[in-house]
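Breakdown of the fold
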Amino acid sequence: MQDTSPDTNSAEWTSAPLIIYGLSRCFMGDRRRKSRPSFSDRFCIVLVEPQHDGNIGAVARSMMNFGFSDLRVVGRVGEWSEEARRRAKNSQEVLDKALRVSSMKEAVSDCSVVVGTSGKREDGEKTSSRHFLLPDELPDRLSNTQGKVALVFGPEGKGLLNNQLRLCDLLVTIPSWEGYPILNLSHAVAIICYSWYTNSENSQPSGTGGRLLDPQLRRRLKTEIARLVESLPTREHKRKGIEETLTRVIMRGLPKNDEIHRIIGVISMSSEALSED
């Protein structure tokens, strides 16, 4: 199934920026001028004989989402199709710089470690050639590796064959329901890239930091809540429960310092208004 939804999670400055009140703003779906993660040059994504151009474009987009840029495609020649270009969205440079080779051996010839991927898992005595790691285990296993690492994905439908898996140093499989374990190619690439990215130093998105509340603000919040509850026209035995519930509900949202400042302001004004009444 191909993704035809609009881009809502990747971002470079547009050539025609939107000007609002003198401020330049980038459109959702455009790319920002950000340096690539430090690990970017260490990895290459290898697609072995992919069958659908749309998937190649979608892989390029998934790579760019997580800071990967080195794409190598086995068994493809000529120009990229319009479908590949369309699915790549704002990741055209990944396609432009992609290396097209005739064999998997050629694709990984400059790599120190080759990691193969497969959704075909075996049980019992048949596991001799398919001992898998999970995606989240890769960063720890490869953290001290010198040289380039290849992440290899097989063609849609059949995946990497046994002789291709034997060219790999490590094998990884993505946890999925055993009733239908095979993922779409670009989805599989996205999950593997995501697993590495979230274990890197670049993994915290803008706006998600600062979740540890300043202890002084926390004490002030509890003081203001207690003052508010004391001002409420309610029975005395209910005050403690109301105070605990308000504190618990507010803190459950893990508010940031600036959010707590605003909440404290509202609570304080409410207390004063109730006291005046």
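Notes on the structure follow. All of these numbers come straight from a predicted model, not from anything done at the bench.

**Things to note about the environment of Cys 193**
Within the secondary structure layout, Cys 193 lies in helix α7 (residues 185-197). Residue Cys 193 is classed as buried on the basis of its relative accessible area, which comes to 0%. For the pair Cys 193 and Phe 66, spaced 127 residues apart in sequence, the C-alpha to C-alpha distance is 6.1 Å.

**Here's the deal with the packing of helix α8 (residues 215-231) against helix α10 (residues 257-276)**
At a minimum axis separation of 9 Å, α8 and α10 run at an interaxial angle of 25°. When the interaxial angle is binned, α8 and α10 end up roughly parallel. Helix-helix and strand crossings are classified by hand; for α8 and α10 the assignment is left-handed. The residues of α10 that touch α8, namely those facing Leu 217, Arg 220, Leu 221, Glu 224, Ile 225, Arg 227, Leu 228 and Ser 231, are Asn 257, Ile 260, His 261, Ile 263, Ile 264, Ile 267, Ser 268, Ser 270, Ser 271, Glu 272, Leu 274 and Ser 275.

**As for the environment of Val 94**
Inspection of the secondary structure puts Val 94 in helix α3 (residues 92-96). Along the chain, Val 94 and Phe 68 lie 26 residues apart, while their C-alpha atoms are 8.7 Å from each other. Filtering out sequence-adjacent residues up to four positions away, Val 94 remains in contact with Ala 60, Met 63, Met 64, Phe 68, Ser 69 and Leu 71.

**Description of the sheet that holds strand β6 (residues 111-117)**
In space, the six strands of this open sheet follow the order β5-β4-β3-β7-β6-β8, with parallel pairing throughout. The two strands at the open ends of the sheet, each matched to only one other strand, are β5 (99-101) and β8 (170-172). Strand-to-strand, the axes of this sheet are offset by a mean angle of 25°, without reference to chain direction. Across five bridges, β6 lies against strand β7 (residues 148-153) in parallel orientation. Among the inter-strand pairings, Val 113 is bridged to a residue of β7, identified as Val 149. The strands that helix α1 (residues 53-65) touches are β3 (43-48) and β4 (71-74); relative to β3, the one it contacts most, it runs at about 165°.

**Things to note about the pairing of β4**
For a regular strand, side-chain orientation follows a simple rule: the groups alternate between the two sheet faces. Taking every second residue as pointing to the same face, both faces of β4 are buried, with Leu 71 and Val 73 on one and Arg 72 and Val 74 on the other. As paired strands, β3 and β4 are joined by four bridges and run parallel to one another. Note that in β4 the partner of Val 48 across the bridge is Val 74. Since β3 and β4 lie parallel, the crossover through α1 that links them has a hand, and here it is right-handed.

**Some details on the side chain of Thr 117**
Its place among the elements puts Thr 117 in strand β6. Classification of Thr 117 by relative accessible area gives buried; the value is 11%. Within polar-contact distance, the side chain of Thr 117 engages the backbone oxygen of Val 152 at 2.8 Å. If we ignore the near neighbours within four places in the chain, the residues touching Thr 117 are Val 152, Phe 153, Leu 160, Leu 165 and Val 172.

**Examining the layout of surface pockets**
Counted as a void, the second largest pocket has a volume near 480 Å³. In this structure, the second largest pocket is lined by 26 residues; those nearest its centre are Ile 182, Leu 183, Asn 184, Leu 185 and Ala 188. In terms of residue class, the lining of the second largest pocket is built from 12 nonpolar, 11 polar and three charged.

Thresholds, definitions, all that
- Residues numbered from 1 in each chain as written.
- Predicted model: local features only at pLDDT ≥ 70, side-chain atom pairs only at ≥ 80, totals over all residues.
- Heavy atoms only, no water.
- Helix = DSSP H or I, 4+ residues; strand = E, 2+ residues; numbered from the N terminus.
- Buried < 20%, exposed > 50% of the residue type's maximum accessible area, 1.4 Å probe, protein only.
- Axes fitted to C-alpha atoms, helices over the stretch in contact; angles between N-to-C directions.
- Parallel < 35°, antiparallel > 145°, perpendicular 65-115°, else oblique.
- Left-handed = near helix turned anticlockwise from the far one by under 90°.
- Contact = heavy atoms within 4.5 Å.
- Pairing = 2+ DSSP bridges.
- Right-handed = clockwise from strand over helix to strand, strands pointing away.
- Polar contact = N/O pair within 3.5 Å; in protein donor to acceptor, adjacent residues only side chain to side chain.
- 1 Å grid on protein atoms, 1.4 Å probe; cavity = no way out; pocket = protein on both sides within 12 Å on 5 of 7 lines; lining within 4 Å.
- Points joined across faces, edges and corners; volume = space filled by probe spheres on them.
- Nonpolar A, V, L, I, M, F, W, Y, C, P; charged D, E, K, R; others polar.

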